[in-house]
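Listed below are the residues making up each chain.
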Amino acid sequence: MISPFVRLLLSRGTGALGFQMLAVWIGFRIYHTTGSAVAVGGLGLSFFAANALAVGIGGVCVDRWFHRPFRSLVVLQTALALGAGGVFLFLSESPVALLFAGGALALIRQFRSLLYAKSLSCLAERGHPTANLAKWNVFTWQLALFLGPLLFSRFSDFPAVVPALSTVFLDSSAFFVPQETEAPARPPDAIRPGWIDSVVVGWRSLREYPLVFQAWILDAAVTLFVGATASFPFLLTRSGIPPEELGMLRAALALGSVCVSSLIPDALMRRHGVSLLAVSLCGVGATTALFPFATTLPGLVGLIFFAGAFDGISVVVRDEWLLRSVPRIRMGSVAAVTSLLISISDDLGEFESGIAMHFLGLPAALGLGALISIVAGAAFFIMQRARNPTVSIRTEPN
């Protein structure tokens, strides 16, 4: 019998794989039809707007109403599959329609992500080691991000294969959702669903754990200004590499994170989390600064792999701190805030980077993001050690 945790990982992985293939396909179609840096960055802006809209009320609604998320996840995954099929069939030649459709599907994906966070928190309260939860959750998610672009790159010459695979993965995700994770818990009476309530409640809850709060804010700010993925199409064009290799670059980024996420020892994460996070931020900056100097596909793939590896360290550390600190009863609201931060850093970061590359040029934009990342990592380490040389994560709020 498959354990609830494994079933949840399979559900998350297949859903993420399907959506990643969809996102890469939409980005490729926009770039293919427009060739514009602003248009490619606009996809990130579309995702950000949808995610911000979802987290406005999503976290509180999940905490108060969705205590048994199985049916909700089935409905959301089916809606994603149907929406993806419509995009593939009817919108492939319209970049404006693709932007709006991508935003609509991202809105559904965001509600689904909040439900998955709630389920993981439930497993943590049942005694499942948080380090294990964080590592294998990131491993499964990043493995999907690796396989999605790789499959897209492999089957890009067969127009019908990528849409079919994406739709199948999205639709099959609901099959793996375990009913065992749906133990109900009565929410606090103070929670009242309303516009931006989830952000307010989640923000206050997250700030009760200062180190966790600082780590998420800093990592989001760094990723916002680095925005490396927005540069991939232009790095390929600049080096004379076919744009169809875009999937290979995205796969290399995820593969680096996959390789690192499952190898970090639990004890190292608990005792030296601050050092790991600082090294991660500095490493992302250092590798990003070298992107303009790579003129061959193997060189680009190698640098992007290491960038993904360093980024994977910070993702595992911040997720483990979050699961160890925040109780399930408030995880929906807190997940809404962290999802908003992820959207700001990833989606809005691509838009910011697209604008920066348009006005500053590719090397200058990447260099600026790399400098911010290195300075942020060093400053975080110095400040935390100055406050408490033996700083460790707290499991109780202030």
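Residues numbered from 1 in each chain as written. Predicted model: local features only at pLDDT ≥ 70, side-chain atom pairs only at ≥ 80, totals over all residues. Heavy atoms only, no water.

S.K.: Explain a nonpolar patch on the surface here, please?
M.R.: A contiguous nonpolar surface patch, about 210 Å² in accessible area, is contributed by Ile 2, Val 6 and Leu 10. Exposure remark for Leu 10: the relative accessible area of 33% places this residue in the partly exposed category. (Patch = residues over 30% accessible without salt bridge, like charges linked within 9 Å, V, L, I, M, F, W, Y side chains within 5 Å. Areas by Shrake-Rupley, 256 points an atom, 1.4 Å probe, with all protein chains shown as cover. Salt bridge = Lys/Arg side-chain N within 4 Å of Asp/Glu carboxyl O. Buried < 20%, exposed > 50% of the residue type's maximum accessible area, 1.4 Å probe, protein only.)

S.K.: Looking at this structure, how should I read the pattern of salt bridges?
M.R.: Note that side chains of opposite charge can pair when their charged atoms are close. Scanning all chains against the criterion turns up two salt bridges. Across the salt bridge formed by Arg 318 and Asp 219, the nearest N and O atoms sit 2.3 Å from each other. On the criterion of sequence distance, the pair formed by Arg 318 in helix α13 (residues 297-325) and Asp 219 in helix α8 (residues 210-226) is long-range, its members being 99 residues apart. The exposure class assigned to Arg 318 is buried, which follows from its relative accessible area of 7%. Among the salt bridges present, the one from Asp 319 reaches Arg 318, with a minimum N-O distance of 3.8 Å. Among the charged side chains, a salt-bridge network with shared partners connects Asp 219, Arg 318 and Asp 319. (Helix = DSSP H or I, 4+ residues; strand = E, 2+ residues; numbered from the N terminus.)

S.K.: How should helix α1 (residues 4-34) be read in this particular structure?
M.R.: Residue pairs spaced three or four apart in an α-helix point in one direction, given the helix's 3.6 residues per turn. With 31 residues, α1 extends 45 Å from end C-alpha to end C-alpha; this agrees with the ideal 45 Å at 1.5 Å per step. In terms of burial, α1 is largely enclosed, as 24 of its 31 residues are buried. Where α1 ends, the next residue or the one after it, Gly 35, has phi of about 65°, a positive value. (Expected span 1.5 Å × (residues − 1).)

S.K.: Sorry, what's going on with the side chain of Ser 373 here?
M.R.: Mapped onto the secondary structure, Ser 373 falls in helix α15 (residues 362-387). Of note is the side chain of Ser 373, whose polar atom sits 3.4 Å from the backbone nitrogen of Gly 285. Among all residues touching Ser 373, those that are not within four sequence positions of it are Val 222, Val 226, Leu 281, Cys 282, Val 284 and Gly 285. (Polar contact = N/O pair within 3.5 Å; in protein donor to acceptor, adjacent residues only side chain to side chain. Contact = heavy atoms within 4.5 Å.)

S.K.: Hey, could you run me through the packing of α8 against helix α12 (residues 273-289) in this one?
M.R.: The angle between the axes and the distance between the axes are what describe a pair of packed helices. Running from N to C, α8 and α12 point in directions that differ by 5°, and their axes come no closer than 11 Å. It follows from the interaxial angle that α8 and α12 lie roughly parallel. Residues Leu 211, Ala 215, Leu 218, Asp 219, Val 222 and Val 226 of α8 lie in contact with α12, whose contacting residues are Val 274, Leu 277, Leu 281, Val 284 and Thr 288. Each residue belonging to the contact of α8 with α12 can be placed in one class, and the counts come to nine nonpolar, one polar and one charged. (Axes fitted to C-alpha atoms, helices over the stretch in contact; angles between N-to-C directions. Parallel < 35°, antiparallel > 145°, perpendicular 65-115°, else oblique. Nonpolar A, V, L, I, M, F, W, Y, C, P; charged D, E, K, R; others polar.)

S.K.: Looking at this structure, how should I read the packing of aromatic side chains?
M.R.: Note on aromatic pairs: each is described by the distance of the centres and the angle between the planes. A complete count under the given rule lists one aromatic pair for this structure. For the cation-ring pair, Arg 207 lies above Phe 213, with the distance from its terminal atom to the ring centre recorded as 5.5 Å. (Phe/Tyr/Trp six-rings, centres within 6.5 Å; stacked < 30°, edge-to-face > 60°. Lys NZ or Arg CZ within 6 Å of the ring centre and 35° of its normal.)

S.K.: Would you mind going over α8 with me for this structure?
M.R.: Counted at 1.5 Å a residue, the expected span for α8 with its 17 residues is 24 Å, and the 24 Å between its end C-alpha atoms agrees. Among the 17 residues that make up α8, twelve are buried, leaving the element largely enclosed by the rest of the structure. Buried within α8 are the following residues: Leu 211, Val 212, Phe 213, Ala 215, Trp 216, Leu 218, Asp 219, Ala 220, Val 222, Thr 223, Leu 224 and Val 226.

S.K.: Help me out: how do you make sense of the confidence of the model for the chain in this one?
M.R.: Low pLDDT marks stretches whose predicted atomic positions should not be read closely. Scored by pLDDT, the chain has a mean of 75; 81% of the residues are at 70 or more. Considering each helix and strand of the chain separately, the mean pLDDT is smallest for helix α2 (residues 37-64), with a value of 71, and largest for α12, with 87. Here residues 187-193 is modelled with pLDDT under 50, and outside its nearest four sequence neighbours on either side it reaches 17 contacts, counting other chains as well. Below pLDDT 50 for its whole length, residues 389-398 participates in 21 contacts with residues either more than four positions away or in separate chains. (pLDDT = per-residue confidence, 0-100.)

S.K.: I tried to follow the packing of α1 against helix α6 (residues 161-172) on my own but got confused; where do I start?
M.R.: Remark: α1 packs on α6, axes separated minimally by 7 Å, with the N-to-C direction vectors making an angle of 150°. Classified by the interaxial angle, the pair formed by α1 and α6 is roughly antiparallel. Read as a crossing pair, α1 and α6 show a hand that is left-handed. Each of Thr 14, Gly 15, Leu 17, Gly 18, Phe 19, Met 21, Leu 22 and Trp 25 in α1 lies in contact with α6, whose residues at this interface are Val 162, Leu 165, Ser 166, Phe 169, Leu 170 and Ser 172. Class assignment of the residues belonging to the contact of α1 with α6 gives a composition of nine nonpolar, five polar and no charged. (Left-handed = near helix turned anticlockwise from the far one by under 90°.)

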